[in-house]
Amino acid sequence: FDLNNLEAEMNFHIREKIEKAIRKDADEVDTIRQDMRCRLASFNSAMRDYLNLLNFVDTEDVIGRRSKFQTLLFLRKQHRLDIESSYDEDDLPKVFAILYEQTYFKSREKMSRWNQGPYVFAWDVGHDHLARIIADGKSKEKGIGLGHTVVRGNERISFGKSRR
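Residues numbered from 1 in each chain as written. Predicted model: local features only at pLDDT ≥ 70, side-chain atom pairs only at ≥ 80, totals over all residues. Heavy atoms only, no water.

Q: Explain the nonpolar core here, please?
A: Soluble globular proteins tend to bury their nonpolar side chains together. Membership of the largest hydrophobic core comes to 30 residues, with the highest contact counts inside it found for I14, M36 and L99. Secondary-structure elements contributing two or more residues to this core are helix 2 (12-24), helix 3 (26-54), helix 4 (62-86), helix 5 (92-109) and helix 6 (120-142). Here this core gets nine residues from one element, more than from any other, and that element is helix 5. Aside from chain neighbours lying at most four places away, what touches I14 is A97, Y100, L130, I133 and I134. (Core = buried A, V, L, I, M, F, W, Y, C linked by side-chain atoms within 4.5 Å. Buried < 20%, exposed > 50% of the residue type's maximum accessible area, 1.4 Å probe, protein only. Helix = DSSP H or I, 4+ residues; strand = E, 2+ residues; numbered from the N terminus. Contact = heavy atoms within 4.5 Å.)

Q: Mind showing me how you'd approach the packing of helix 2 against helix 3 here?
A: Two numbers describe a pair of packed helices, the interaxial angle and the distance between the axes. Remark: helix 2 packs on helix 3, axes separated minimally by 5 Å, with the N-to-C direction vectors making an angle of 125°. When the axes of helix 2 and helix 3 are compared, the pair comes out oblique. On helix 3, the residues touching I18, A21, I22 and K24 of helix 2 are A26, V29 and R33. The residue makeup of the contact of helix 2 with helix 3, split by class, is five nonpolar, no polar and two charged. (Axes fitted to C-alpha atoms, helices over the stretch in contact; angles between N-to-C directions. Parallel < 35°, antiparallel > 145°, perpendicular 65-115°, else oblique. Nonpolar A, V, L, I, M, F, W, Y, C, P; charged D, E, K, R; others polar.)

Q: What exactly am I supposed to notice about the pattern of salt bridges here?
A: A full pass over the atoms with the stated rule returns nine salt bridges. The shortest N-O distance in the salt bridge between R39 and D35 comes to 3.0 Å. Of this pair, R39 and D35 are both found in helix 3, four residues apart, which corresponds to roughly one turn of the helix. Ionic contacts of the salt-bridge type, sharing partners, join the residues E28, D91 and K94 into one network. (Salt bridge = Lys/Arg side-chain N within 4 Å of Asp/Glu carboxyl O.)

Q: Can you walk me through the environment of G137 in this structure?
A: The residue G137 is located in helix 6 in this model. The exposure class assigned to G137 is buried, which follows from its relative accessible area of 11%. Separated by 120 residues in sequence, G137 and K17 have C-alpha atoms that sit 9.2 Å apart.

What follows is the structure, encoded as structure tokens:
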């Protein structure tokens, strides 16, 4: 498990956001890292409980399955709201970048047992901020200012029918 190798595999723009935050206040970044590790452990525990609950759902019970799916959505939303309410709005991109980092490292440690992408939790709860960091970083590389974003729910207005 080589930490330097993992950092090289992470998204460059997100890594750059964290490095900038470290240069500004390394102690604050360490505090946020610890908080994000705790939140990740809390989410993983809740997710284990959720998956255990799924074992008792009848596959023919459409309403039961739908209810369990709503529980998963609520779980993700609740963790996102908990994070957002704990930090200043201006700090959220940095906080979600650090969550991405911690989720990435933690899941890579367990990749031999876990067959999913290395940053699922971070993307589930912080995708808006992470996508913004990446879009802005790519636009900055091209020298065109800020990246384009589309407000969720307006995709159909802008792009027509959604593709499935």
